[in-house]
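Notes for the structure review
Each chain, written out:
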Amino acid sequence: MRGSWPPLSVLYMIEVEGLTKRYGDKLAVDGLTFTVRPGVVTGFLGPNGAGKSTTMRMMLDLDHPTSGRVRIDGHRYRQLSDPLTSLGALLDAKAVHGGRSAYHHLLCLAQSNGIPRARVHEVLDTVGLTPVAKKRSKGFSLGMGQRLGIAAALLGDPRILMFDEPVNGLDPEGIHWIRNLMKGLAAQGRTVFVSSHLMSEMALTAEHLIVIGQGRLLADTSMSRFIQENSRSYVRMRSPERERLLDALREGGYAAVPAGDAVEIDGASAADLGELAARHRLVLHELSPQQASLEEAFMQLTAGSVEYHAHTAEAPRAADGGVPPGAAPPAEAPGTPSTPGTPGAPGTPGPQPGGWGAGWRNKKRGA
Ligand SMILES: Nc1ncnc2c1ncn2[C@@H]1O[C@H](COP(=O)(O)OP(=O)(O)OP(=O)(O)O)[C@@H](O)[C@H]1O
Ligand SMILES: [Mg+2]
């Protein structure tokens, strides 16, 4: 790291105020106001077409806002005297000249921005591309291209970093690496703003979240608060004497919902429920607190603003008497952790009416 800059403890922020972008009839970004602060990784979440990339392009002055403004360290991006040393960004990993080697691509950027050649070697090393540095980038795999884009973002050792879907195409080792890289950069006091549609990944990486849907701000909150406020926590109980258990719960004033061969109870602690079962001398085969994952919290929050629905047999359309588009989350994304009624959950009897996960969706809608 070069030593000539102001200390990283100075606040370097991205400030977005009333940011709006219209493409013809399409309102891609709708009055967004938020601040991205240093010291933590801020995740930028939203369904496909929510306006994440458009927002990031406007932050970099690559797109002109219809109204509103963005300030980087208090200035427009185009007013920054050494932009690469203020803000490093990866928006599109394919935006490189395929005939140039990784080394020459970075050298070109370095020389046009007053960055020493030695820094090119440093960033190639950081992203693990040194062995292929002299190869033309058009022969690079998706993951290698992402690494080159990340190297370019790091080149100016900037205090603010912005990555649009950086883990796309990376293998598990690469995902692990970039997660630690982002956390490390934030721990140095940098501002790290990263978009992703991989909720499970964000849960492991980001401390703060900005969530948008159809261009509008849905949440600007810490990760833990987001999960707490937008997801359901409950206790799952299973007993060979299910009817007696249900009676005991009702008698104790608990709202219990049968779920397969188990019972789910909202708003109660596992400890209290365990005591209740003991008082009634009930045998329990399961007593487990459950917390919905970020994926579920996200799907619940953005359910009304998902534009692009995949209609499958498990997500019936409104015309079939099912859930109208936008009224409930779409089919579970790959990697969604097991929820009651999903395949793989122990003791799950099989597909339910409305498809896998319908029980969970119905419950969330209060059905
Ligand atoms: N140059 C453009 N001209 C017209 N419409 C555009 C343009 N760029 C984006 N849009 C529209 O603006 C909306 C937001 O797009 P954007 O790419 O910002 O979404 P996103 O959140 O990045 O989605 P994804 O998760 O799929 O990357 C979309 O409906 C898109 O079709
Ligand atoms: Mg995008």
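Treat the numbers as computed from the prediction; the structure is a model and nothing was measured. (Residues numbered from 1 in each chain as written. Chains lettered and ligands numbered in written order. Predicted model: local features only at pLDDT ≥ 70, side-chain atom pairs only at ≥ 80, totals over all residues.)

**Observations regarding the sheet that holds strand E10 (residues 233-238)**
- What the four strands build is an open sheet, ordered E11-E12-E10-E13; its pairing is antiparallel. Strands at the two margins of the open sheet, each flanked by one partner only, are strand E11 (256-259) and strand E13 (286-291). Between one strand and the next, the sheet's axes are offset by a mean angle of 25°, whatever the strand orientation.
- As paired strands, E10 and E13 are joined by six bridges and run antiparallel to one another. Residue pairing in the sheet places tyrosine 234 in a bridge with glutamine 290 of E13.
- Relative to the sheet, helix H10 (residues 270-279) contacts E10, strand E12 (262-266) and E13, its axis offset from that of E13 by approximately 160°. (Pairing = 2+ DSSP bridges. Helix = DSSP H or I, 4+ residues; strand = E, 2+ residues; numbered from the N terminus. Axes fitted to C-alpha atoms, helices over the stretch in contact; angles between N-to-C directions. Contact = placed C-beta atoms within 7 Å.)

**What to know about the site of ligand 1**
- Neighbouring ligand 1 are the residues Tyr23, Lys26, Ala28, Gly46, Asn48, Gly49, Ala50, Gly51, Lys52, Ser53, Thr54 and His197.
- Among the elements of the structure, strand E2 (26-36) and helix H1 (52-59) are those that each provide at least two residues to the shell around ligand 1.
- In terms of residue count, the dominant contributor to the shell around ligand 1 is H1 (three residues).
- Here the residues of the shell around ligand 1 sort into three nonpolar, seven polar and two charged. (Near = placed C-beta within 6 Å. Nonpolar A, V, L, I, M, F, W, Y, C, P; charged D, E, K, R; others polar.)

**Here's the deal with the environment of aspartate 157**
- Within the fold, aspartate 157 resides in the loop between helix H5 (142-154) and strand E6 (160-164).
- Judged by local crowding, aspartate 157 falls into the partly exposed class, with 16 C-beta atoms found within 10 Å.
- Between the alpha carbons of aspartate 157 and isoleucine 115 there is a distance of 9.6 Å; along the sequence they are 42 residues apart. (Buried ≥ 20, exposed ≤ 12 C-beta atoms within 10 Å, placed from the backbone.)

**Quick notes on the packing of helix H3 (residues 102-111) against helix H4 (residues 117-127)**
- Direction vectors running N to C along H3 and H4 enclose 135°, while the axes themselves pass 9 Å from each other. The pairing of H3 with H4 is recorded here as oblique in orientation. As H3 packs across H4, the resulting crossing turns out to be right-handed. Between H3 and H4, the residues in contact are Ala102, Tyr103, Leu106, Leu107 and Ala110 and Arg117, Arg119, Val120, Val123 and Leu124, respectively.
- In terms of residue class, the contact of H3 with H4 is built from eight nonpolar, no polar and two charged. (Parallel < 35°, antiparallel > 145°, perpendicular 65-115°, else oblique. Left-handed = near helix turned anticlockwise from the far one by under 90°.)

**A closer look at H1**
- By the criterion of burial, H1 is predominantly enclosed, with seven of the eight residues buried.
- Looking only at H1, the buried set comprises Lys52, Thr54, Thr55, Met56, Arg57, Met58 and Met59.

**Points about the sheet that holds strand E4 (residues 67-72)**
- The three strands are arranged E2-E1-E4 in an open sheet whose pairing can be described as antiparallel. Two strands lie at the open edges of the sheet, namely E2 and E4, each paired on one side alone. Strand-to-strand twist in this sheet, taken as the mean axis angle between neighbours without regard to direction, amounts to 20°.
- The strands touched by H1 within the sheet are strand E1 (14-23), E2 and E4, with E1 carrying the most contacts at an inclination of about 120°.

**Quick word on the nonpolar core**
- Formed by 69 residues in total, the largest nonpolar core has its most connected members in Leu106, Leu148, Ala151, Leu155 and Met162.
- With seven residues, H5 is the largest single contributor of residues to this core.
- Non-local contacts of leucine 148, meaning those with residues more than four positions away in its chain, are made with Ala93, Val96, Ala102, His105, Leu129, Ser137 and Phe140. (Core = buried A, V, L, I, M, F, W, Y, C linked by C-beta atoms within 7 Å.)

**Observations concerning the confidence of the model for the chain**
- Across the chain, the average pLDDT comes to 80, with 79% of residues at 70 or higher.
- Long-range and interchain partners of residues 313-367, a stretch whose pLDDT sits below 50, account for 77 contacts in this model, where long-range means more than four residues apart. (pLDDT = per-residue confidence, 0-100.)

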